[in-house]
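Reading the structure
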Amino acid sequence: RKFAMIENVDQNIGRLFERLKASGAYENTLVMFLVDNGPNGVRYVRELRGAKGGVNEGGIRSPFLAHWPSVLQAGATSDRVVAHYDVLPTVLEATGTAIPADLQLDGRSFLPLLRGEHVAWPERAVYLQWHRGDVPVRYRKFAAVEQQYKLLHGDFESEMPPSEPEFELYDLQADPSELNKLAGDKPEIVARMKRDYDAWFDDV
């Protein structure tokens, strides 16, 4: 079934490109392809741990492809951390649409990264949280992902444990497989990232 889905996506992107070519819009149309999470079962995710429903890299890191022949150079890549809420400001910049002054967006345009430009990409954390129901629970299956460090808690399914949860800290640059727990060695980074997560949770 998964191979049939890949074939379905491939055929329909092909149909989209043929229609764009027929209309003369192929060269100047930005097409983006992305998915929302990792696989919903045991599948190939390189050396990464996890799958859909979890907050390890295998469950949250996903591909993003962009195609815009008149603007983007084929084969350009970037390792900067971006998220789904960065897509809107990226599209707005790509279309030359100004963001209304009274609209506050969480995301940031990554159009310069798509163009392959060497730009300063300010450090920030991307926050992800998985929960069931309508009421999010602080620390329940969450990840705070920076360019180097990642703080997470992901080991309970229904209710918060009665005691303080055990946070995990990983260095994604050195350990993308999330095998070497660093929370005990770097308590100051855990405290900073937990404080920033709390501010994000309170805001959202």
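Residues numbered from 1 in each chain as written. Predicted model: local features only at pLDDT ≥ 70, side-chain atom pairs only at ≥ 80, totals over all residues. Heavy atoms only, no water.

1. Topic: helix H1 (residues 2-23)
The end-to-end C-alpha separation of H1 is 32 Å, in line with the 32 Å expected for 22 residues at 1.5 Å each. Where H1 ends, the next residue or the one after it, Gly24, has phi of about 80°, a positive value. (Helix = DSSP H or I, 4+ residues; strand = E, 2+ residues; numbered from the N terminus. Expected span 1.5 Å × (residues − 1).)

2. What to know about the confidence of the model for the chain
Close inspection of predicted coordinates is inappropriate in any region flagged by low pLDDT. Across the chain, the average pLDDT comes to 89, with 95% of residues at 70 or higher. Mean pLDDT per element in the chain: helix H2 (residues 57-60) is the minimum at 86, and strand E6 (residues 168-171) is the maximum at 98. (pLDDT = per-residue confidence, 0-100.)

3. What to know about the pattern of salt bridges
Taken as a whole, this structure holds 12 salt bridges when the rule is applied. Across the pair Arg46 and Glu47 runs a salt bridge, and its minimum N-O distance is 3.4 Å. Look at Arg46 and you get partly exposed, because its relative accessible area is 47%. Across the pair Asp86 and Arg124 runs a salt bridge whose closest N-O atoms are separated by 2.5 Å. Within this pair, whereas Asp86 is found in the loop between strand E2 (64-67) and helix H3 (87-94), its partner Arg124 is found in the loop between helix H4 (111-114) and strand E3 (126-129), the two being separated by 38 residues in sequence. Neither residue differs from the other here; Asp86 and Arg124 are each classed as buried. (Salt bridge = Lys/Arg side-chain N within 4 Å of Asp/Glu carboxyl O. Buried < 20%, exposed > 50% of the residue type's maximum accessible area, 1.4 Å probe, protein only.)

4. Some thoughts on the nonpolar core
The biggest cluster of nonpolar side chains holds 16 residues, and the ones touching the most others in it are Phe142, Leu151, Leu169 and Met193. Listing elements by their share of this core, those giving two or more residues are strand E4 (142-145), strand E5 (149-153) and helix H5 (187-203). Looking at which element gives the most residues to this core, the answer is H5, with five residues. The next biggest cluster of nonpolar side chains, apart from the first, holds eight residues, and it includes Trp68, Leu72, Phe110 and Trp121. (Core = buried A, V, L, I, M, F, W, Y, C linked by side-chain atoms within 4.5 Å.)

5. Concerning the packing of aromatic side chains
With the rule as written, the count across this model stands at 11 aromatic pairs. With centroids separated by 6.2 Å and ring planes inclined at 50°, the aromatic side chains of Tyr139 and Phe142 adopt a geometry described as tilted. Assigned by exposure class, Tyr139 and Phe142 land together as buried. Ring geometry for Tyr197 against Phe201: centres 5.9 Å apart, planes inclined by 40°, an arrangement best described as tilted. Here Tyr197 pairs with Phe201, and both are found in helix H5, just four residues apart, close to one helical turn. Across the pair, Phe201 and Tyr197 agree in class, each one buried. Chaining the aromatic ring pairs together yields one cluster made of Tyr127, Tyr139, Phe142, Phe167, Tyr197, Trp200 and Phe201. Just above the ring of Trp130 sits the side chain of Lys141; from NZ or CZ to the centre is 4.1 Å. (Phe/Tyr/Trp six-rings, centres within 6.5 Å; stacked < 30°, edge-to-face > 60°. Lys NZ or Arg CZ within 6 Å of the ring centre and 35° of its normal.)

6. Some words on the side chain of Ser177
Within the secondary structure layout, Ser177 lies in the loop between E6 and H5. Of the residues examined, Ser177 reaches a relative accessible area of 13% and is grouped as buried. In this structure Ser177 touches Glu47 and Arg49, once residues within four positions along its chain are discounted. (Contact = heavy atoms within 4.5 Å.)

7. Re the pairing of E4
Here E4 shows no split at all, with Phe142 and Ala144 on one side and Ala143 and Val145 on the other all buried. Two strands pair when backbone bridges link them, and E3 and E4 are joined in this way by four bridges, in the antiparallel orientation. If you follow Tyr127 over to E4, its bridge partner there is Ala144. Examined bridge by bridge, E4 and E5 share four bridges and lie antiparallel to one another. When the bridges of E5 are listed, Ala143 appears paired with Leu152. Connecting E4 to the antiparallel partner E5 that follows it, the hairpin turn spans three residues. (Pairing = 2+ DSSP bridges.)

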